[in-house]
Amino acid sequence: MSCVAGRRSHDVHSRPTLRKRLRHPELGELELDRQALLMPGTSLRLVLYTADPGSPSATAP
């Protein structure tokens, strides 16, 4: 089964996005949005952390 066919046959539900502040030992303070995608009927979840484009968190070295 192809990836596209697999996505067509399953609904993925998104949980509300949360803003998180993390302190990284080398990068310092990071402000990231956390979004979790849930696959109904399973215990699978994909958690994404993203920074706003152009923000200090996105441009941290």
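Preceding this paragraph is the structure being described.
Residues numbered from 1 in each chain as written. Predicted model: local features only at pLDDT ≥ 70, side-chain atom pairs only at ≥ 80, totals over all residues. Heavy atoms only, no water.

## A closer look at the pairing of strand S4 (residues 45-50)
Okay, step 1: With six bridges joining them, strand S3 (residues 28-38) and S4 adopt antiparallel strand pairing. Note on S4: the bridge partner recorded for Ala 36 is Val 47. (Pairing = 2+ DSSP bridges. Helix = DSSP H or I, 4+ residues; strand = E, 2+ residues; numbered from the N terminus.)

## Looking at the side chain of Ser 57
Okay, step 1: Relative to the helices and strands, Ser 57 is located in the segment after S4.
Okay, step 2: In this structure Ser 57 touches Glu 29, Leu 30, Glu 31, Leu 32 and Ala 51, once residues within four positions along its chain are discounted. (Contact = heavy atoms within 4.5 Å.)

## Regarding the environment of Leu 30
Okay, step 1: Mapped onto the elements, Leu 30 comes out in strand S3.
Okay, step 2: You can call Leu 30 buried: its relative accessible area is 10%.
Okay, step 3: Sequence spacing of Leu 30 and Lys 20 is ten residues, and the spatial spacing of their C-alpha atoms is 8.1 Å.
Okay, step 4: With near-sequence residues (within four places) excluded, Leu 30 lies in contact with Lys 20, Arg 21, Leu 22, His 24, Ser 57 and Ala 60. (Buried < 20%, exposed > 50% of the residue type's maximum accessible area, 1.4 Å probe, protein only.)

## What about the pattern of salt bridges?
It is possible for side chains of opposite charge to pair when their charged atoms get near one another.
Okay, step 1: Throughout the structure, instances matching the rule amount to five salt bridges.
Okay, step 2: Arg 19 is the partner of Glu 31 in a salt bridge, and the nearest nitrogen-oxygen pair spans 2.7 Å. Remark: Arg 19 occurs in strand S2 (residues 18-24) and Glu 31 occurs in strand S3; sequence separation between them is twelve residues.
Okay, step 3: Across the pair Asp 52 and Arg 19 runs a salt bridge whose closest N-O atoms are separated by 3.3 Å. Of this pair, Asp 52 sits in the segment after S4 while Arg 19 is found in strand S2, placing the two residues 33 residues apart along the sequence. (Salt bridge = Lys/Arg side-chain N within 4 Å of Asp/Glu carboxyl O.)

## Quick notes on the side chain of Arg 34
Okay, step 1: Mapped onto the elements of the fold, Arg 34 is located in strand S3.
Okay, step 2: One buried charged residue, Arg 34, forms no salt bridge at all, with the nearest opposite charge on Asp 33 at 11 Å. (Lys, Arg positive; Asp, Glu negative; His and termini not counted.)

## A short note on the pairing of S3
Okay, step 1: Pairing between S2 and S3: seven bridges, direction antiparallel. Opposite Leu 18, over in S3, you have Arg 34 as the bridge partner.
Okay, step 2: What sits between the antiparallel neighbours S2 and S3 is a turn of three residues.
Okay, step 3: Hairpin remark: S3 followed by S4, antiparallel, with six residues in the connecting loop; positive phi at Gly 41, about 80°.

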